[in-house]
Amino acid sequence: MPLYNSLQQAGIRTYVDAPETELGDYFPSAIKNAISSATIHIAILSPQYAESAWCLAELSLMFQTRARIIPVFYGVQPSDFRYIKNEVADAFRKHEEKEKEGRYPKHDIQQWKECLQNVSGIKGYEMKEQNDDLKKLCDDVVSAVVKEKQKRKILFQVAKYEVGLDELVKDFYSHCQRNGQMRDKIIGIIGMGGSGKTTLAKYLFNHKHSEFSGSTSLFDVRENHVKGTLTSLQSKLLNDLGGEINQHEFCSIEDGIAVIKDYFQKNPESKFLVVIDDVDHKNQLDALLPTDALNHNSLVIVTTRDERLLIQAGVRVRYKMKEMNPQHSRELLCWHAFHRKSCKSGFDNLVDSFVQVCGGLPLALQVMGGHVFGSDKAYWKLQLNIAKEARVHKDIKHKLKISYDALEEDEKQIFMDVACFFIGEDVNRAKSIWRASGWRAEHGLQTLKDRCLVEVETCLEMTDYPDSKCHYEPGFKLRMHDHLRDLGREMADNETSHPRRLWRPEDRIDISEFEGIQDTHPDSEGKSFRCFACDLIRADALHITYFLGSSKTSTSLQCLQLQPMHTLSLLTIREWIPLQNLHTLSLQRVLPTILWQRDD
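The present account deals with the structure reproduced in this document.

What counts as what
- Residues numbered from 1 in each chain as written.
- Predicted model: local features only at pLDDT ≥ 70, side-chain atom pairs only at ≥ 80, totals over all residues.
- Heavy atoms only, no water.
- Helix = DSSP H or I, 4+ residues; strand = E, 2+ residues; numbered from the N terminus.
- Contact = heavy atoms within 4.5 Å.
- Areas by Shrake-Rupley, 256 points an atom, 1.4 Å probe, with all protein chains shown as cover.
- Core = buried A, V, L, I, M, F, W, Y, C linked by side-chain atoms within 4.5 Å.
- Buried < 20%, exposed > 50% of the residue type's maximum accessible area, 1.4 Å probe, protein only.
- Axes fitted to C-alpha atoms, helices over the stretch in contact; angles between N-to-C directions.
- Left-handed = near helix turned anticlockwise from the far one by under 90°.
- Nonpolar A, V, L, I, M, F, W, Y, C, P; charged D, E, K, R; others polar.
- Pairing = 2+ DSSP bridges.
- Phe/Tyr/Trp six-rings, centres within 6.5 Å; stacked < 30°, edge-to-face > 60°.
- Lys NZ or Arg CZ within 6 Å of the ring centre and 35° of its normal.
- Salt bridge = Lys/Arg side-chain N within 4 Å of Asp/Glu carboxyl O.
- Arc of directions from axis to C-beta.
- Polar contact = N/O pair within 3.5 Å; in protein donor to acceptor, adjacent residues only side chain to side chain.
- Expected span 1.5 Å × (residues − 1).

1. What to know about the overall build of the chain
Within the chain, the regular secondary structure consists of 23 helices and 20 strands. At a minimum sequence separation of 6, the contacts of the chain that also span at least 24 residues come to 69%. Accessible surface, the chain: about 29600 Å² in total, of which carbon and sulfur atoms supply 47%.

2. A word on the nonpolar core
Core analysis: the largest hydrophobic core is formed by 30 residues, its most contacted members being Phe415, Val418, Trp434, Leu478 and Met480. Of all the elements in the fold, those that place two or more residues in this core are helix H17 (362–371), helix H20 (409–422), helix H21 (427–436), helix H22 (441–450) and helix H23 (482–493). When residues in this core are grouped by element, the largest group, eight residues, is from H20. Core analysis: the next-biggest nonpolar cluster, separate from the first, contains 28 residues, Val221, Phe250, Leu288 and Ala293 among them.

3. Observations concerning the environment of Pro47
You can see Pro47 is positioned in the loop between strand E1 (40–45) and helix H3 (53–65). The spacing of Pro47 and Phe73 is 26 residues in sequence and 8.9 Å in space, taken between C-alpha atoms. Residue contacts for Pro47: discarding those within four places in its chain leaves Tyr74, Gly75, Val76 and Glu87.

4. A word on the packing of helix H15 (residues 326–338) against H17
Two elements in contact, H15 and H17, have axes whose closest approach is 7 Å; the angle formed by their N-to-C orientations is 35 degrees. Considering how the two elements wind past one another, H15 and H17 form a crossing that is right-handed. In this structure, H15 uses Ser329, Leu332, Leu333, His336 and Ala337 to contact H17, whose residues at the interface are Pro362, Leu365, Gln366, Met368, Gly369 and Gly370. Its residues assigned to classes, the contact of H15 with H17 shows six nonpolar, five polar and no charged.

5. Some thoughts on the sheet that holds strand E2 (residues 68–74)
Two pairing modes exist for strands in a sheet, parallel and antiparallel, and in both the strands are linked by backbone hydrogen bonds. The three strands are arranged E1-E2-E3 in an open sheet whose pairing can be described as parallel. Strand pairing shows two members of the sheet lacking a second neighbour, E1 and strand E3 (125–127), which therefore form its edges. Direction aside, the axes of adjacent strands within the sheet are offset by 15 degrees on average. Two strands pair when backbone bridges link them, and E2 and E3 are joined in this way by three bridges, in the parallel orientation. If you follow Val72 over to E3, its bridge partner there is Tyr125. Contacting E1 and E2, H3 runs over the sheet at an angle of about 150 degrees to E1.

6. Description of the packing of aromatic side chains
Applying the stated criterion across every chain yields a total of twelve aromatic pairs. By way of ring pairs, the aromatic residues Phe338, Phe347, Phe354 and Trp380 are connected into one cluster. A cation over a ring is seen here: Lys271 above Phe212, with NZ or CZ 5.5 Å from the ring centre. Positioned over the ring face of Tyr404 is Lys412, at 5.3 Å from the centre of the ring.

7. Concerning the pairing of strand E7 (residues 214–218)
Most of E7 sits inside the fold, with five of its five residues counted as buried. Sheet analysis places E7 next to strand E8 (residues 272–279), joined by five bridges and oriented parallel. By the bridge assignment, Ser217 is partnered in E8 with Val275.

8. Observations concerning the pattern of salt bridges
Taken as a whole and assessed by the stated rule, the structure comprises 23 salt bridges. A salt bridge links Arg435 to Glu442; the nearest nitrogen and oxygen atoms lie 2.4 Å apart. Arg435 sits in the partly exposed class, given a relative accessible area of 43%. Glu442 gets classed as partly exposed once you look at its relative accessible area, which sits at 43%.

9. Some points on helix H18 (residues 377–387)
What H18 keeps buried is the set Trp380, Gln383, Leu384 and Ala387. Viewed along the axis of H18, the buried residues span an arc of 105 degrees, placing them on a single side of the element.

10. Examining the side chain of Asp417
Locating Asp417 in the fold gives a position in helix H20. Judged by its relative accessible area of 1%, Asp417 is buried. Only 3.0 Å separates the side chain of Asp417 from the side chain of Trp434, close enough to count as a polar contact.

11. Overview of the environment of Gly360
By the secondary structure assignment, Gly360 is in the loop between helix H16 (348–358) and H17. For the pair formed by Gly360 and Ser329, sequence separation is 31 residues and the distance between their alpha carbons is 5.9 Å. Gly360 has contacts with Glu323, Met324, Ser329, Val355 and Leu365, leaving out every residue within four places of it along the chain.

12. Structural notes on helix H12 (residues 253–266)
For H12, spanning 14 residues, the distance from its first C-alpha to its last is 20 Å, which sits close to the expected 20 Å at 1.5 Å a residue. By the burial criterion, the buried members of H12 are Gly256, Ile260, Tyr263 and Phe264. The arc that holds every buried residue of H12, seen down its axis, measures 100 degrees, which confines them to one face. Turned more than 90 degrees away from the buried face of H12, the exposed residues are Glu254 and Lys266. Summarising the contacts, the buried residues of H12 are in contact with helix H11 (230–240), E8 and helix H13 (282–288).

Shown next as structure tokens:
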């Protein structure tokens, strides 16, 4: 099966059916599920194709799915199927005879004819003689499948304003390429936070993924490590590159490493593109990148702030981000401050002063520009004096705090919620919680987006369907730069006038402190909790997340998320959990036995 082997070597997950029996009343569910869930079908039409009722039934099901069909005419002319002639006509005469015996319903045969006529009109590939170049045919079909897969990729928005990006990419290629090819299979991108590493990585992914049979982008690696969810990135990597789909995450990081390494070794000729963004520990690279199994056809791009990490990992080709030049810095600031390339009349000196303060750091230029958007020169001068108090990059948080201090109270609370709990989470779910807290969710989020404090990113989300297969669907996730995240968490830790946020995974609270709670959740200092996401002692191995109200509403529980340590654990919600104001209940990998009981 040369074509099957070529597809497998290219890293394309392939299902092939070789039935040994004639079509009867039983059509295996495995074949139905494979055809129904496939995004591309390859129909290999030979002179004997029409003789098989099984093949004709499969072709009919392919058309019903409306997925792309690539026909391969192997020793047969498309016109034979278009006009139902020669061996094809003989085959259908036999089917009609069997129909008279009651073996086939009449409408099936007519439907099969229509499918053959339709497939003959699709542009495909032909191999007329046995001595034709079979390898070239396989390569052409694999190339067509890869191109079709790449069309379905949801690409990243690289940046709202792509100022200076062309020059940046040109400089990157000048450093990392030799004779038009990457100098090594692993490329490191180094730079401080806010310098544009992720922007460059997204651009490279968008423009190079079509050259590879499989590609994946793993962002927020450091954040996933902190949350203990690196296994979810391992699962995403394997799924994106065409490995076996896992309905659940790996049981452990070591399990994920073993499966990924095995998959790479079984596909030594596959061309994979892997982007691993924001790495700060070698263990993260070890978990996601089996360097000893990586072949020379693949390309891995790693971004980090720590060059020593890349040296330890043996990454020889490393590109260091540079400051934006004054011209590009000025242009980027103007786009965010005035929504145009150049500044308004009378603002030239102020723009130049802000550019100097920001020191060529893209994040600072974006945030400061968004902060003074729509303001008069007096406000610009005031904010410039404040910003000048901290002129060096290590004090970037001080500059970002200027924008935070200018927010309305609702907007500050939403900002802190995103920083503590909602990075990488669904936008609509977060907004429903903010609305229940009495905050202006849509207005507040839009303000944060306008001021470049929060981003909403389109991404692919893996969803389980009743057919037990995983599918990817578009979704909208909240994103935030790590400097802004750290600022938001620092502000949350210093909150005194609102319920306290507990966001660290290592926070541990004894359940006995909360038993019998009705409307408030006081801790030992008499404060109430806005939210906590932590491991609870005596929690029956459950991770429990609460979302509580602000001072504008009741502090009773609004959203409850329960996630067990093991798949399909049984759950009974405890009576001490206050459910009076609950509006969202999320059960992840849980079989609820008793949700709650009423005394009456």
